[in-house]
Amino acid sequence: MRVIAGTARRLLLKTPEGQDTRPTTDRIKETLFNMLMPYLPDAVFVDLFAGSGGIGIEALSRGARKAYFVENNPKALACIQDNIEHTHLADKAVVLKQDVFAALRGSIRDTADIIFLDPPYGGGQVYQNVLGLLREAPYVNQYTLIIIEASREYSFEFAGELGFVVTREKQYKTNKHVFLQKCE
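Structure report, in brief. (Residues numbered from 1 in each chain as written. Predicted model: local features only at pLDDT ≥ 70, side-chain atom pairs only at ≥ 80, totals over all residues. Heavy atoms only, no water.)

1. Details of the packing of aromatic side chains
Then, in step 1: Counted according to the given criterion, the structure contains 6 aromatic pairs.
Then, in step 2: When the ring of Tyr127 is compared with that of Phe156, the centres are 5.3 Å apart and the planes differ by 65 degrees; the resulting orientation is edge-to-face. Of this pair, Tyr127 sits in helix α5 (residues 126–136) while Phe156 sits in the loop between β5 (145–151) and β6 (164–171), placing them 29 residues apart in sequence.
Then, in step 3: On the basis of relative accessible area, Tyr127 is assigned to the buried category, the value being 2%.
Then, in step 4: Judged by relative accessible area, which is 6%, Phe156 ranks as buried.
Then, in step 5: Taking 5.5 Å as the distance between ring centres and 40 degrees as the angle between the ring planes, the aromatic pair formed by Phe156 and Phe158 counts as tilted. (Phe/Tyr/Trp six-rings, centres within 6.5 Å; stacked < 30°, edge-to-face > 60°. Helix = DSSP H or I, 4+ residues; strand = E, 2+ residues; numbered from the N terminus. Buried < 20%, exposed > 50% of the residue type's maximum accessible area, 1.4 Å probe, protein only.)

What follows is the structure, given as C-alpha cells:
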C-alpha cells in the first residue's frame, strides 16, 4: 500500500499483519480521493476505524489541514504512528488511541469537514450507532461529508430516520462508498 498523490506521493505504508484490518486498495482509494478533491484543501478529516491510517494520510498528503486517526487495535496503532512519521505528516495528525464510540463522544475538538469510516464488515448496528452519535455531535454540521465504506449489499435506508441523507453512492466489485450529510 502506498500514498497515491500529494506531498507524500509514492511513499509506502505499513499495514498491520493478520486479518483484523482490510486496507482500501489503491484503485478504490484513488477513485475516492478523486471525488473528494474539491473538499480536501484545508479540511479537517476524521478517519474512524483507521487501521493503517492510509485514508487519513492520503487526505493529509492531498491538502487536509488536520486529520484525526481513531483506532484501538495496538498493532494498527503502531502502523499508524510509523506511517505518520514516515510520511512527515505528524504535525497535522492527532492519533486517538481509543474505541471509536468513546472518541465520538468527546475527543474530536474541531468541526469536521470529512468523516470516513470503514468498520469491520458485518458489524450490524455499527453504522446506525456511529450515525446516531454523529447526529448529536457538536463537530458535525450540515456541510460535514460522511463517507462509509460498506459491503455492496448493505442498505442505508435507515439513514433518514437518523437525520441523514444519502447524497451519493459509488459501487465497486465487492464494496461501496456511501456519502451522507445531515438533513438541513
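2. So, the side chain of His177
Then, in step 1: Within the secondary structure, His177 is located in strand β7 (residues 175–182).
Then, in step 2: There is a polar contact of 2.9 Å between the side chain of His177 and the side chain of Glu149.
Then, in step 3: Looking at His177, its side chain comes within polar contact range of the side chain of Tyr172, at 2.9 Å.
Then, in step 4: Look past the residues within four positions of His177 in its chain and what remains in contact with it is Ile28, Leu32, Phe116, Ile147, Ile148, Glu149, Arg168, Glu169, Lys170 and Tyr172. (Polar contact = N/O pair within 3.5 Å; in protein donor to acceptor, adjacent residues only side chain to side chain. Contact = heavy atoms within 4.5 Å.)

3. Here's the deal with the environment of Lys97
Then, in step 1: Here Lys97 shows up in strand β3 (residues 93–97).
Then, in step 2: In the structure, Lys97 is positioned 23 residues away from Pro74 in sequence and 8.4 Å away in space, judged by C-alpha atoms.
Then, in step 3: Once you skip the residues sitting within four places of it in the chain, Lys97 turns out to touch Glu71, Leu77 and Gln81.

4. Thoughts on helix α1 (residues 26–36)
Then, in step 1: Those residues of α1 that sit buried are Ile28, Lys29, Leu32, Phe33, Met35 and Leu36. The buried residues of α1 occupy an angular sector of 155 degrees when projected down its axis, which confines them to one face.
Then, in step 2: Packed against the buried residues of α1 are β1 (44–48), α2 (54–61), β4 (114–117), β5, β6 and β7. (Arc of directions from axis to C-beta.)

5. Structural notes on the pairing of β1
Then, in step 1: Burial within β1 is extensive, with 5 of its 5 residues counted as buried.
Then, in step 2: Judged by which residues are buried, β1 turns out to be covered on both faces: Val44, Val46 and Leu48 on one side and Phe45 and Asp47 on the other are all buried.
Then, in step 3: Across 5 bridges, the pairing between β1 and strand β2 (residues 66–71) is parallel. Of the residues in β2, the one forming a bridge with Leu48 is Val70.
Then, in step 4: Handedness of the crossover is the feature at issue here: the chain leaves β1, passes through α2, returns alongside β2, and the resulting connection is right-handed.
Then, in step 5: Relative to β4, β1 runs parallel, the two sharing 4 bridges. The residue bridging Phe45 from the neighbouring strand is Ile114, located in β4. (Pairing = 2+ DSSP bridges. Right-handed = clockwise from strand over helix to strand, strands pointing away.)

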